[in-house]
Amino acid sequence: MTIDEILKLSKTELKKYSFKEISNMLELISQMFQKNSNDLDVEYALEIYKKGLDLLLIAKEKLSITKEEKEKIDKKFEEIKSKFE
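Residues numbered from 1 in each chain as written. Predicted model: local features only at pLDDT ≥ 70, side-chain atom pairs only at ≥ 80, totals over all residues. Heavy atoms only, no water.

**Let's talk about helix α4 (residues 42-84)**
Working step 1: Between the first and last C-alpha of α4 there are 63 Å, a value that for 43 residues agrees with the 63 Å anticipated at 1.5 Å per step.
Working step 2: Listed as buried for α4 are Ala45, Ile48, Lys51, Gly52, Asp54, Leu55, Ile58 and Ala59.
Working step 3: Considering only its buried residues, α4 is in contact with α1 (3-8), α2 (11-15) and α3 (19-36).
Working step 4: Between the side-chain oxygen of the N-cap and the backbone nitrogen of glutamate 43 there are 3.3 Å, and the N-cap of α4 in question is aspartate 41. (Helix = DSSP H or I, 4+ residues; strand = E, 2+ residues; numbered from the N terminus. Expected span 1.5 Å × (residues − 1). Buried < 20%, exposed > 50% of the residue type's maximum accessible area, 1.4 Å probe, protein only. Contact = heavy atoms within 4.5 Å. Polar contact = N/O pair within 3.5 Å; in protein donor to acceptor, adjacent residues only side chain to side chain.)

**With respect to the nonpolar core**
Here is a general trend for soluble globular proteins: nonpolar side chains tend to be buried in one another's company.
Working step 1: Judged by nonpolar contacts, the single largest core of 16 residues is most densely connected at Ile3, Leu14, Ile22, Met25, Ile48 and Leu55.
Working step 2: Mapped by element, the contributors of at least two residues to this core are α1, α3 and α4. (Core = buried A, V, L, I, M, F, W, Y, C linked by side-chain atoms within 4.5 Å.)

**Let's talk about the pattern of salt bridges**
Working step 1: Inspection of the entire model under this criterion finds 2 salt bridges.
Working step 2: Notably, a salt bridge pairs lysine 11 with aspartate 54, separated by 3.7 Å at the nearest N-O pair. Of the two residues, lysine 11 is situated in helix α2 and aspartate 54 in helix α4; the sequence distance between them amounts to 43 residues.
Working step 3: Of the charged contacts, one joins aspartate 74 and lysine 70 as a salt bridge, the two residues approaching to 2.6 Å between their closest N and O atoms. Placement of the pair is aspartate 74 and lysine 70 together in helix α4, with a separation of 4 residues, close to one helical turn. (Salt bridge = Lys/Arg side-chain N within 4 Å of Asp/Glu carboxyl O.)

**Quick notes on the packing of α3 against α4**
Working step 1: The interhelical angle for the contact between α3 and α4, taken along N-to-C directions, is 150°, at an axis separation of 10 Å. The orientation of α3 relative to α4 falls into the category roughly antiparallel. Read as a crossing pair, α3 and α4 show a hand that is left-handed. Two secondary-structure elements touch here, α3 through Phe19, Ile22, Met25, Leu26, Ile29, Met32 and Phe33 and α4 through Tyr44, Ala45, Ile48, Tyr49, Gly52, Leu55, Leu56, Ile58, Ala59, Lys62 and Leu63.
Working step 2: Counted by class, the contact of α3 with α4 contains 16 nonpolar, 1 polar and 1 charged residues. (Axes fitted to C-alpha atoms, helices over the stretch in contact; angles between N-to-C directions. Parallel < 35°, antiparallel > 145°, perpendicular 65-115°, else oblique. Left-handed = near helix turned anticlockwise from the far one by under 90°. Nonpolar A, V, L, I, M, F, W, Y, C, P; charged D, E, K, R; others polar.)

So this is what it looks like as structure tokens:
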């Protein structure tokens, strides 16, 4: 995926991607800033930066949901485990 393809995606579309795919998009954005920071048009750089922020927020949300799901699974496991002790 290219930066321009990422920029065309809406927040709703971005939420459909996996955490790993979002991480890859963020890595691509990071690499672009590291390699081309002096050559980027200011407005274009700002657009990319904003999209990066959107991606970070979505990634954080996905991590929170995953953490909650894991806690529920752990709780069920402990309940089951206590019945066998």
